[in-house]
Structures are given as structure tokens and as C-alpha cells.
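Here is how the chains run, residue by residue.
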Amino acid sequence: MAYDREVDLLVVGTGAGALVAALRAARAGAEVLVVEKGALWGGTSATSGGGIWIPGSHLAAQAGHPDDLDEAFGYIRRLTAPNVTDEQIRAYVDHAHRMLEWVEREADVHYAALPYPDYYPETEGSREGYRTHLMPGEVDARTMDRAAFDTMQRASPAASLWGRINWKLAETHMVLFRPKGWMKVIVKVMAGYWLDIPQRLRSPRDRRLTLGTALLAQLRKALDRTGAEVWLESPLLGLIEEKGRVAGATVRHGGRELRIGARRGVILAAGGFERNAAMRAAHLPGARQPQASGSQVNNEGDALIAAQKLGAAVRNLDSAWWAPVFRIPGEDRGRLSTVERALPHSIIVNQAGRRYANEALSYHRFGEAMMAKSAPGAATDPSWLLFDGRYRARYPAGPVIPGFPDWMLSAAVRKVLVKAPTIEALAVKMKVDPAELRATVDRFNAMVAQGRDEDFGRGDAAYDRLYGDPRVAPNPTLGSLAKAPFYAIPIHLGDIGTNGGLVTDGTGRVLSEGGGAIPGLYAVGNLAASVMGYSYPGAGATLGPAMTFGWLAAADAVRANEPG
């Protein structure tokens, strides 16, 4: 067949899984082309915290917390549905730590294993830390190609101050709980931003990259050094099948429809379908709104649909990485709620004014509770995050920032924030029964006085306490709602991406409905049905598998699909 361009490997998407795949193939000598649908590269990975969940890493061992791979396998196996194979789980557990070492060496990515608990502490094989890894440092964007930085996906508004100034996790903790020296941290971060005069004259973007943007910056720099090409505004139109194998794809680029030949295969890493309203209606009827997703706006399932046309099998299309989110008028995505729900002097209630879950659960598990507990007359989407005057003065509630008076909040935030001098008056504004809300608050306050949440066990688990206020005892997540004024802000059922998709094997090869591999076709990241099934074992269980299976798929493609 005639092609407009031929390469060894075509990678569709530019998130962490895509770039790791492209980098490994390029390092092996393959000619690689990466295509991105949007005008910005980096995918949802760039908007994330950049964390990866890696069992058995050398970094955990160096920190004095060696992991057991068989225990990790058992933990995932107990959490996942039977339709996830042992082969797939074992491939992840056995190779994730090897991928991490490779990325450190080849892309100068520096992670640290953290005392960050797994999300299911009640499940055998879970650990109270050191499987979640985060980049503690930062990357100076001046070390990047200027054009690559300018076209990089922006950090999430939930992970930056005013949507502009980037934070590291340690800095967030300092600002949140204000231990000794916290003001120096703020001054240093703010000064670094405002004193970058050349950038301030050019753009409001912060050249100090942290979290997901730091990871993507390092991967992109390493990829650029290989000579691999990255095309933006180049959506996938379809896959090309030749003599029983996927031999390339049709891509729109520069206003033209181009046929791209891929001698060694095509790796699909284009994200899920969470931004496709029709697909959400078909597969996620309880969460129809694309705007409630925290992911970037181009994830519309194009690659998933293209693969299905070739007979690819799918799994768990009714699944997503669920999350409670704040929705601010005018913003194109939901703001993930992680810290706010575990802080003292707050609760979450449904539309009947009643609590229905442990607010300090991981965001995926709380999102699952929002779906499971919703009922006529007591709907949970949206729910309400309630907090009192002490919370307002000390802690953030999404875009509601402490230290800034209410009148300084943006008009969009003031539009959704509710405030009143009493719980009963607040209930009226929330359109909730005042007596019911008063009873809920009184019961919660009584349990706070006893130091234990008898209804839902908030603060009992190590993960709950992770985001609690260490200054509050005996339970760092509990504090009464007693100081006026009182506030409420809607909290919606959202997600950070779908995680059901194409069925793959232990090397990322896409399987057909008949069960065999489709030659030349791979899928990784949220486009592939997650190795975690419906569960979310720990922080970084999205990027960890995306990068690992991207690494494995590239190795298989350049080795197994070589002509002849």
C-alpha cells in the first residue's frame, strides 16, 4: 500500500504511557512518530499529581521498607474482577519496578517512595506506605525546548495556586498545616514566580514545573533527544489493516488526511472516553456529564472506536476512576477533591441533609459511595460539603482559599458557595430540611466530642489520617461544626478518566473478540481496560500501569513485529 509517511512505530497520544513507549522504542533504534489530537501535549498525565504506584521498588527498599511482590500480586488479585487475568496482573507486578529503574536512568526522572497508605487497608496484602512514589523535586522549564513548553498541557487548577503557581506536595502540606517555617516556604514560592520577570512579561505560566508537569517535562526532553517527532493537532481517523495485521493509521495533519505506515506496530495511548457525551450516556448512565470529569478535554474515545472496528474486545466500559469534584462555572473540567474531605470541622451530606459515607475515603472509593448511596429524595449528585468558620479560616475548600475574605473570591466561586449565620438558615439556602440538617450536625458534633465517628469510622484508617490535621487530637479528621458563619459548596460525582476499554495481554497487545492478539496493535493507559479492574489500589495506580505497559508494549513491538 502507498503511504504518505512510514515509520517503525506510531504512538497515538502524548501522556506518560505514550511517551515512555515512544522513548523505549526510540532508544532501541526505532523511528518513532507520536501524534496528538489536541493543540497541547501531555494528556491527563500532565494535569495529575504525577504519582505512580509501584510494588517492590528499589526506592522502597532503600527507604527501609522492602516490598514483597507476591503480596502485591495477592492484593491486586483480591481487589480485581475475575475478568482480569493473572497473567496481566503478574506482568504489572513483575515489571513495574523495572520500568521505574529504566525511566530513572533514561529520562533522569527522580522519584521517592512515600509513606502513603494503600486505599484498601482492610484487604490482605495492602501496605501502609512505600508503594506510592512521587517526584519530590521540580523541573525548570528553561531546560526544555521553548516550543515544547509552550504547547505543554497545563497543570490542573486543583494542583496550583490560582491556576498559575505550581506547588510540590511538601509545600502544599506546609501551607495547609502551617508548621514552623511555613511562611518562608510561601515567600520563596511566590518570589520565585513573580521574580521570573522575562516569563511574567511573556505569560502567566509558571516555569517551575512540579508533579505531573515535571514528569512529562523529563520524558519529553528525553524523547526529543532521540529525534522522535511529535505532531500536534493530528487526530487519529482510523487504523489501517494489511494482510491480517495493523500496518498503520490514517491521521489528519496540517489540514490533510495522511496515511501513516507503521512497520513495527501502532501503540494506542490516547486516554479514555470520558469526554464523549454519547458514550457516557451508553456506558456510564449514572454519571453522564463530561464536564464533571477532571481529565483534559480531548479524551473522546476515538482510538477505542477505531480498534473496535477491527474486532477488538472491550472490558468494563461501565468503569471509571471515580472522584468527587467541585464544578466552578466557566471551567471546562471538575476540580478533584482530595484533601478537603478529611479536614476537621467539615462533613458531606446528601440532598436530604444526611451523611452517607466516610468523607476521608480515597476519592475513588468516595465516588463509588456517591453512586451506591444515591436514592430518590436523598440524591448524592451533587452532595454538599459543609464547613464552619474555623474551617474557612484554616483550610481550603477547593477554590475557596483561606486567608482571603469571601468578597475576594471570584464571582464564579461566590455563585456556588452558600453562606449563612446558622445551620438552619444554611439548610434553607441549600434547599434541605433544616431539622434534618440540624440533627445531622448535632449527631456529628456529639461523636466529635467522643473522638470517634461511630457511623462511618472516619479517621480510623491510616489513609484517612493522611490528610487530617496533625494538630487536632485524638482524631485528626474530626472537628465540630459549631462556629458561625457556616458554609456549603456543592460537590459532584466526577472522575479523572474512564478505565474500561480494550482488552490486552501482559505485553499490551490488543486482543480480538475471539481471544487472539491483533498483530501490530497495542493499547496502554486509560484506553486499555485497567489491570486493576474496578478498583483503585493506591495513589498512582493510573500512571503506574500506563507507563509500565507502555514500556512493555514498545519492547514487544520493536522485537516481535520486525518484518521478516
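Right above here is the structure, for reference.
As the structure is a prediction and not an experimental result, all values here were calculated from the model.

A.B. asks: Residues and numbers for the pattern of salt bridges, please.
C.D. replies: Applying the stated rule across the entire model yields 42 salt bridges. The salt bridge involving Arg208 is made with Glu171; its shortest N-O contact spans 2.4 Å. Placement of Arg208 in strand 9 (residues 208-209) and of Glu171 in helix 7 (residues 169-177) is noted, with a sequence separation of 37 residues between them. Of the two residues, Arg208 and Glu171, neither departs from the other in class, the shared state being buried.

A.B. asks: Any chance you could break down the layout of surface pockets for me, citing the residues and the numbers?
C.D. replies: In this structure, the second largest pocket occupies an estimated 300 Å³ of space. Lining the second largest pocket are 16 residues, and of these Arg154, Ala155, Gly163, Arg164 and Arg205 sit closest to its centre.

A.B. asks: If you had to explain helix 17 (residues 434-450) to someone new, which residues and values would you point to?
C.D. replies: In this model helix 17 runs 25 Å from its N-terminal to its C-terminal C-alpha over 17 residues, within 8% of the 24 Å that 1.5 Å per residue would give. Along helix 17, the residues classified as buried are Leu437, Thr440, Val441, Phe444, Asn445, Met447 and Val448. Angular distribution of buried residues about the axis of helix 17 spans 160 degrees; they occupy a single face of the element. For helix 17, the exposed residues set more than 90 degrees away from the buried face come down to Ala435, Ala449 and Gln450. Considering only its buried residues, helix 17 is in contact with strand 17 (346-349), strand 18 (383-387) and helix 16 (423-430). Of the residues flanking the end of helix 17, it is Gly451, one or two places downstream, whose phi is positive at about 85 degrees.

A.B. asks: Report on the packing of aromatic side chains, specifying residues and quantitative values.
C.D. replies: By the definition in use, this model includes 15 aromatic pairs. Centre to centre, the rings of Tyr356 and Phe366 are 5.8 Å apart; their planes meet at 40 degrees, and the pair counts as tilted. Of this pair, Tyr356 sits in the loop between strand 17 and helix 13 (363-373) while Phe366 sits in helix 13, placing them ten residues apart in sequence. Each of the two residues, Tyr356 as well as Phe366, counts as buried. An angle of 5 degrees between the planes, with centres 5.3 Å apart, marks the rings of Phe387 and Tyr487 as stacked. A residue pair is termed long-range when its members are at least 10 positions apart, and Phe387 in strand 18 and Tyr487 in strand 20 (residues 486-498) qualify at 100 residues. Side by side, Phe387 and Tyr487 carry an identical accessibility label, which is buried. Ring pairing ties together the aromatic residues Tyr116, Tyr119, Trp321, Tyr363, Tyr463, Tyr467 and Tyr536, which thus form one cluster. Directly above the ring of Trp551 sits Arg24, whose terminal nitrogen or CZ lies 3.8 Å from the centroid. The ring of Phe73 has Arg90 sitting right over it, with the charged end atom 4.4 Å from the ring centre.

A.B. asks: Tell me what's going on with unusual backbone geometry, and back it up with residues and numbers.
C.D. replies: Geometrically, the link from Asp381 to Pro382 is a cis peptide bond, its omega value of 5 degrees lying close to zero. Turning to its location among the elements, Pro382 is positioned in the loop between helix 13 and strand 18. The backbone phi angle of Tyr130 is positive, close to 75 degrees, even though this residue is not glycine. Take Tyr130: it is sitting in the loop between strand 4 (112-113) and strand 5 (132-134). Assessed through its relative accessible area of 16%, Tyr130 is described here as buried. Look at Asn316: it is not a glycine, yet its phi comes out positive at around 55 degrees. You can see Asn316 is positioned in the loop between strand 14 (314-315) and strand 15 (320-326). Using a relative accessible area of 9% as the deciding quantity, one classes Asn316 as buried.

What counts and what doesn't
Residues numbered from 1 in each chain as written. Predicted model: local features only at pLDDT ≥ 70, side-chain atom pairs only at ≥ 80, totals over all residues. Heavy atoms only, no water. Salt bridge = Lys/Arg side-chain N within 4 Å of Asp/Glu carboxyl O. Helix = DSSP H or I, 4+ residues; strand = E, 2+ residues; numbered from the N terminus. Buried < 20%, exposed > 50% of the residue type's maximum accessible area, 1.4 Å probe, protein only. 1 Å grid on protein atoms, 1.4 Å probe; cavity = no way out; pocket = protein on both sides within 12 Å on 5 of 7 lines; lining within 4 Å. Points joined across faces, edges and corners; volume = space filled by probe spheres on them. Expected span 1.5 Å × (residues − 1). Arc of directions from axis to C-beta. Contact = heavy atoms within 4.5 Å. Phe/Tyr/Trp six-rings, centres within 6.5 Å; stacked < 30°, edge-to-face > 60°. Lys NZ or Arg CZ within 6 Å of the ring centre and 35° of its normal.

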